[in-house]
Amino acid sequence: MLANALCDRPSQPPLPPRPAIAGRARGRSLADSLSRLMQGVEYATLCNCAALADGQRRCGDKSLADGPAAGPSSRAFASAPSRADAVRHIRQQQERPGQRPAQRPAQRRVGGPPHQRRSPRKPTKSMPSATCPQCLCRAWAIMGVLALPAATMAEPRQPVADAPAQPAPAELPPAPNLLADPGPLSASPGLSPQLSTPPLTAPTADAAPADEPLWVLPQAAIPERIPTLPGARPVRDRGYLDRPETAGKITAEPIERDSARLERGLEWAYCGPRPPSVGAPGDPLAPPSDAPAGPIDLNAGGIVYRRDSNVVDAVGGVSMVRDEQRVEADALRYDRRRQTVISPANTYLEYPQLRILGDGTEINLDTEQGRVDAPRFRLSGPLNVRGRADTAYVVSPSRTAYRDILYTSCPPGSNAWSLRANRLKLDQEAGLGIARDAHLRIAGMPVLYTPYLQFPIDDRRRSGFLAPSFGSSQDNGFELKTPYYWNIAPNLDATFTPRLMSERGLLLGTELRWLTRPDAGELRAEVLPDDSAHEGDERFRWAVNALEEGRWLGRLRTSLDFSAISDDQYLEDLGNNIDATSTRRLRQRGDVTYYGRGWSLRTRLEGFQTIDDTRPSARPYGRLPQILLRLNPQDLLPERVPANLGRPSLSLDAEYNYFDHNHRVRGQRFSMTPVLSWPLQRSFGHLIPGARLYLSSYDLTDTDPGAPTDPGHAIPSLELDGKLIFERETQWLGEAALQTLEPRLYYLYTPFEDQRETPVFDSSELDFSFANLFRNNRFTGRDRIGDANQVTAGISSRMLRATTGEELLRLSLGQIYYFSNRRVQIAGPPQTDDTSPYTGELTAQLFEHWSGRASFQWDPDTAEDTLPRRTLRLVYQDPEQRMLNLAYRTDLTPAEQNRYEDADVSFRLPFGARAEMVGRWLYSVRHGETMDAFAGIELGQCCWRIRVLGRHFKRRPQDAASTSVMLQVELAGLGAIGDPIGAFLEREIYGYTPY
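What counts and what doesn't
- Numbers given to residues run from 1 along each chain, matching the order in which its sequence is written.
- Only residues with pLDDT of 70 or above have their local features reported here, since the model is predicted, and side-chain atom pairs are shown and tallied only from 80 upward, although totals for entire chains, interfaces and linings are computed over all residues.
- With hydrogens and water stripped out, all remaining heavy atoms of the structure feed into the side-chain values.
- UniProt positions are given in the numbering used here, feature names are shortened, and annotations may be inferred rather than shown by experiment.
- Working definition: rings of Phe, Tyr and Trp (its six-membered ring) pair if their centres are within 6.5 Å, and the pair is stacked with planes under 30 degrees apart, edge-to-face with planes over 60 apart, and tilted otherwise.
- Only DSSP runs of H or I with at least four residues qualify as helices, and only runs of E with at least two residues qualify as strands; both kinds are numbered from the N terminus onward.
- For each residue, the accessible area found with a 1.4 Å probe, counting protein chains only, is set against the maximum for its type, and the residue is called buried under 20%, exposed over 50%, and partly exposed in between.
- Placement of a charge over a ring requires the Lys NZ or Arg CZ to be within 6 Å of the ring centre, with the centre-to-atom vector within 35 degrees of the ring normal.
- A pair is scored as a salt bridge if a Lys or Arg side-chain nitrogen falls within 4 Å of a carboxyl oxygen belonging to Asp or Glu.
- By convention in this document, the label disulfide applies to cysteine sulfur atom pairs within 2.5 Å.

- An unreviewed UniProt entry annotates the protein chain as LPS-assembly protein LptD of Thiohalocapsa halophila.
- Recorded in UniProt under Subcellular location (unreviewed entry), the annotation for the protein chain is "Cell outer membrane".

Here we look at the packing of aromatic side chains
Logical step 1: In the structure shown here, the tally under the stated rule is 16 aromatic pairs.
Logical step 2: Both rings, one in F377 and one in Y402, keep their centres 4.4 Å apart while their planes meet at 25°; by these two values the pair is stacked. Of this pair, F377 sits in strand β17 (residues 376-379) while Y402 sits in strand β19 (residues 399-408), and the two are 25 residues apart along the sequence.
Logical step 3: Relative accessible area serves as the criterion here: at 1%, F377 is assigned to the buried category.
Logical step 4: Ring pairing ties together the aromatic residues Y621, F659, Y698 and F761, which thus form one cluster.
Logical step 5: Across from the ring centre of F774, 4.0 Å away, lies the NZ or CZ of R744, which sits over that ring.
Logical step 6: Seen from the ring of F752, R823 lies directly overhead, with NZ or CZ sitting 3.7 Å from the centre.

Overview of the pattern of salt bridges
Logical step 1: Counting across every chain of the model gives 56 salt bridges.
Logical step 2: For R338, the salt bridge identified is with D335, shortest N-O distance 3.0 Å.
Logical step 3: The buried category is assigned to D335, whose relative accessible area is 6%.
Logical step 4: R623 is paired through a salt bridge with E655; the nearest N and O atoms lie 3.6 Å apart. Within this pair, whereas R623 is found in strand β34 (residues 622-635), its partner E655 is found in strand β35 (residues 649-660), the two being separated by 32 residues in sequence.
Logical step 5: Where salt bridges share partners, they join R587, E606, R623, E655, R669, D762, R782 and D783 into one cluster.

Here's the deal with the state of the cysteines
A covalent bond between the sulfur atoms of two cysteines is what we call a disulfide.
Logical step 1: For the structure shown, the criterion picks out 2 disulfides.
Logical step 2: Across the disulfide from C271 sits C942; the S-S distance is 1.9 Å. Its S-S torsion of approximately 120° makes the covalent link between C271 and C942 right-handed. Of this pair, C271 sits in the loop between α6 (259-263) and β7 (272-273) while C942 sits in the loop between β50 (929-940) and β51 (944-953), and the two are 671 residues apart along the sequence.
Logical step 3: Across the disulfide, C410 is cross-linked to C943 (sulfur-sulfur distance 2.0 Å). Taking the sign of the S-S torsion, about 80° here, the bridge from C410 to C943 comes out right-handed. Taken as a pair, C410 in the loop between β19 and β20 (417-427) and C943 in the loop between β50 and β51 lie far apart in primary sequence, 533 residues in all. Comparing C410 with C943, the two get one shared label, buried.

Structure representation (structure tokens):
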């Protein structure tokens, strides 16, 4: 045959037989046939091989006597021989004595009758060998072009006499002919008519008998798949011996063929938009550079170059690569002038973040625009989704449009949810998806239809309706929220939330947020014009909250925290039941602070709105205003003084307040506290002597009869703080560790000053704990300065992991020894005890994933309860997110308003990767009431999650309990519907973090 005459390759296995052609040329020489073929067509091959008379092989101008080196693929675009050179070479082969032209072997048919099966003819022994292994293309490329026009000149072949039909043995089908023309190549109507090219006519093969097996490749020859994808089900593929009736019984659809091609090198570590916790490998969506496009690398089994139209036809495992673009197909046509690529079938298209596998493709390499028929696509990077459609339109690698699409963020093998739409646009540059005539399907079943759906595919902001939320509660009935988000500017947005409650009416909510160079803030407001369920006289109800933080002119800071409601029951009635808390007062505060070099000046306005049943006289004071001047510690010695002597420093706090109250004494207070200290610090401990002076002066209004209006005091105080640190190397549970022993002594002396004539504006007694043992005043604020002549002794020991310094154990214990009575009190008689109760803390890493914490107050001299204040907490938390919290807290000190005794249990229990349960139970042992109890279940996978939670809650022991049920459905890549249960669990369960 002509291929062997041009390029004999005995070192490689023989090529498979080619399909039988309907006829064979007669009466014409091969040269004449070739000459007729070439009329009107400029034909060139990429290899110029000739057999020399001396047996050497030469390709082009290079001798190949040294042996084979080249492979079967070809690269565009090398210089090609002219038509005359090809004709001259073939005639030389025919004129050589004792040789006949090679004849084409007939195709062996599999499964047909014997009279239709012919054995291939053996080549003549005298045929010379002219192997050219370094040709850049196979000689099959010549045969692929010669066979097509030759078939039009062929005469019919005489059939062989009939023979009795015999069943064909089951055997593998012949290897595919890579040069068999796949059919007409034509431009699709979606592109310009100039892209049309003359069609290539493919030979028609005889149809196989209807009862033949379905010839499908065996398992060993099926392209590789991803068998371990999440959610994939092992389903048998059609075998190569399946018949139509057996293949039809396979009802479950397996992972689609060639899925590994779309998934290779990509992961499903997340579904839908990339979460912030997953680091981005880079930003492939960066705008393209102005650098010119790189060269095109074309690999194929055979290539035909049409010089007049500058068009290249490539067949047989075609791969075209330029920069980050890749096109793979069985056959394609490349127009070099228009930079267009047309492929009729089985085409793979790859860009950064986008892969498409379709039946036919038209693409422009310069604009990166085109169309793909019957595509299956995969998006990656900022968005992990996949799908299939009738047609895909590529506007750019980050902007695609689809018709008749099935879209999902679930991994292959899972159809947990999908969006079936007539049209869909995905714009990763804008982070937006728009679907029209869309059906939301859950497990393949339609559950929701919408003619228009706009959804985010990342976390960027854009105007539009957000996912609605709904729920039900005992007091408000059924609730429905439909928020609308308005992206006013990049630094300004607003959210309008109508909230419909079946028992109360329509509540309108608004949230405004801003972010400027100097400050940021939020403003929230709610209005319920007519509350049909409110028992009070005023049915118009409202709430407002404002937050702001700013930094102006470099040194000026502003802060605002203001909240107000129409009535005391507003939060209990209209606050989100899931977020309900035991808030007793709302803060209304505004600050302006200037920071100088070593000093600061703050001005504050502060008030409170009390929303519980506290009697008016017990409500807190307002500061209208407060002015605080603070001088940071200033060194009193020059820098040339040796550092081993320490550095004495002086600091100052000066404060002015006007305290306002409607039912108690009010007035002004000016106070100042200079502090002198001389710290001596070393690596093994410290010794810090200090002295301070408390100065206060008042100007009061509405005082009691006979009480002074201008009391004041000047109280000095001395202190000495010493600490040593000892350490040693040891073992902790068989692991190298470092143990420390840290004793500490603190002496405090403050003389007694009668302060009964001064009001109590902002002072209260500190809780007795280990952390408060070493404070210089047992009261907060500046209205009460506690008298003291005492020594505090404390000791701590820590166990540290030697390799990392991680704290494995800490035990602290302390007690105060009094040398005089404590006569200054806010209420009650003087304290005469010589010693304080013991107080201590213990924290430990007990076992793997187990930790514990305990704090206690032990008073051996009290007969009623030797442990009046204690806290115990045991925590289990492992990497699989299993969690258990056990806590017991009690405070049985004499102050009635502070007494409590609670038991608290919370847990998180995942069941595999698809489900988990959460819950909490808070029980008041003192009152015998369940104050808070909720339980919920969460089901989901990578691409979806559903949460259901019910709660039983009491604000106070004497109040009636409220019950609520909340539901949240989250579809990765589409949005979440319902209330944010995850944020609630973060606040209510210690250590909880959402997935």
